Amino acid sequence: MKICVIGSGGREHALCWKFDQEGHDVFCAPGNPGIAEVAKVVQHAVHDRKAILDWANEVKPDLVVVGPEDPLIAGMADMFRENGFAVFGPGQAAARLEGSKAFSKDMMKRAGIPTAKYQSFSDPVAARDYASAEFAAGRPVVVKASGAALGKGAIVCDSLEEAHASIDSMLVAMELGEAGRTIVLEERLEGKEFSLLTLVSGSEILSLPVAQDYKRIGDGDEGANTGGMGTFSPVDWVSADLVRETEEAVVRPILSSLADLDIDYRGVLFSGVMLSDGVPYCLEYNVRFGDPETQSVVRRLGDGFADALLACARGEAIPAIEVLSEAVCTVVIASGGYPGEYEKGHAIEIREVMDGVEIFHAGTRMSGEELTTIGGRVVAVSATGLDGEDARAKAYAGIGAVRFEGMQYRKDIGL
Ligand SMILES: Nc1ncnc2c1ncn2[C@@H]1O[C@H](COP(=O)(O)OP(=O)(O)O)[C@@H](O)[C@H]1O
Ligand SMILES: [Mg+2]
């Protein structure tokens, strides 16, 4: 089939790569130089809705896949649906699950989903008072911007001072802009985290293999939070039973709550889960594929991925997708300075890689004939192997094929 993908990151490269592997005819806007190797790319910006719609009208795809959260939150899936396209991606009403953490938490509470106790605020004085009372009762809080803040909106606070400073930075100094105009203060939970990616076609669901992600910049989970520095799959401590339990406790109830509001969900639901005292608590929902989870997950799937997405887009029963036994390890290579101010414009050299290794582009561009860095996360090296150790060894060998000034990556993905 013909598939149009919207987006330009590593996630979209992985999606386009998978569709191409399955033999589909892939188109992407605005894409990136890596995507251009597996899809016909046009450079329309994601926010240029008229250009994107005109392009889709010309291509006439059987399926449109909207990759990133911003266009979903802005209603791009609705735009395509209104124009008669089969779209994988929730409409604006459902995308509020990611666009507003305050809404999302209210929905979780209404649905009886296990989640951290919380309260939402837009008044800094009331927020500070609440934080003071929580800390006084021995309950540290997490301060979260309600809006989408590119992974910079959640601060796990160790002290009341830190909580007050975080509240002020969002509600008073407005450091996160609109995204931080409303904040959520949450009880801090302890536990291990995993994320579950579930394909959703109305009330039908199909969870994909679980990938573990690494959020911090430094080895051993030290340092600042990032968009994600690597992933691996399978994750041995997340059993099939835990996945089923999470589906029942976290995924199905939110979908029925949305259905009660007449909101239909057709896309992927990403549940961020913390397993605390054996209970899967929902930390958040995202309404799109994870990045860099997707780079690992698509490589664990046999054929039928695009067919499953098409079924979701049409609201039909989701056909099963074969899950491969190989393990996958994906390591992100970032620019010097990331996740702070980072360097751009360095030439990238990529040499031949061995079988089983793919290089997914995220922050790359062509400057004339030369491939150069433009983003914080530049490429991800993704390798399959017979087991986790084999995949890990191949991914790190693959890193040796990539070179640019200032490159940094974690050494402990998959350990
Ligand atoms: N209630 C909580 N208790 C403990 N840690 C939390 C809690 N909420 C979030 N975190 C931590 O902060 C990270 C980011 O929070 P999340 O809600 O996923 O926001 P976002 O991904 O939008 O930044 C989580 O992956 C988790 O490590
Ligand atoms: Mg998150």
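One can find the structure itself at the top, above this paragraph.
Description of the structure in this document. (Residues numbered from 1 in each chain as written. Chains lettered and ligands numbered in written order. Predicted model: local features only at pLDDT ≥ 70, side-chain atom pairs only at ≥ 80, totals over all residues. Heavy atoms only, no water.)

1. A short note on the nonpolar core
Among the nonpolar cores identified, the biggest contains 67 residues, and F80, L97, Y265, L269 and Y285 are the most heavily contacted of them. In contact with Y265, other than residues within four places in its own chain, are P90, A94, L97, V200, S201, G202, L255, L258, N286 and V287. Judged by nonpolar contacts, the second largest core, of 36 residues, contains L63, L197, L301 and C312. (Core = buried A, V, L, I, M, F, W, Y, C linked by side-chain atoms within 4.5 Å. Buried < 20%, exposed > 50% of the residue type's maximum accessible area, 1.4 Å probe, protein only. Contact = heavy atoms within 4.5 Å.)

2. Focus on the sheet that holds strand 12 (residues 212-218)
Strand order in the open sheet formed by five strands is 12-13-16-21-18, and the pairing between neighbours is antiparallel. Of all the strands in the sheet, just strand 12 and strand 18 (357-361) have a single pairing partner and so form its edges. For this sheet, the mean inter-axis angle between neighbouring strands, taken without regard to orientation, is 25 degrees. With four bridges joining them, strand 13 (residues 222-233) and strand 16 (residues 327-334) adopt antiparallel strand pairing. Residue pairing across strands places F232 opposite C329, the latter belonging to strand 16. Those strands touched by helix 12 (residues 388-399) are strand 16, strand 18 and strand 21 (377-385), and its axis lies near 140 degrees from that of strand 21. (Pairing = 2+ DSSP bridges. Helix = DSSP H or I, 4+ residues; strand = E, 2+ residues; numbered from the N terminus. Axes fitted to C-alpha atoms, helices over the stretch in contact; angles between N-to-C directions.)

3. Description of the packing of aromatic side chains
Within this structure, the stated rule accounts for 10 aromatic pairs. Measuring from ring centre to ring centre gives 5.6 Å for F80 and F85, while their planes differ by 90 degrees; the resulting arrangement is edge-to-face. Judged by relative accessible area, F80 falls into the buried class, the value being 0%. Its relative accessible area of 12% is what places F85 among the buried residues. Where F88 meets F289, the ring centres are 5.7 Å apart and the plane angle is 20 degrees; that geometry is what we call stacked. Here F289 lies in the loop between strand 15 (279-286) and helix 10 (293-297) and F88 lies in strand 5 (residues 87-88), a separation of 201 residues in the sequence. Summarising the burial analysis for this pair, F88 and F289 share the class buried. Aromatic rings pair up to connect F19, F88, F289 and F305 into one cluster. The ring of F27 has K40 lying over it, and the distance from NZ or CZ to the ring centre is 4.8 Å. (Phe/Tyr/Trp six-rings, centres within 6.5 Å; stacked < 30°, edge-to-face > 60°. Lys NZ or Arg CZ within 6 Å of the ring centre and 35° of its normal.)

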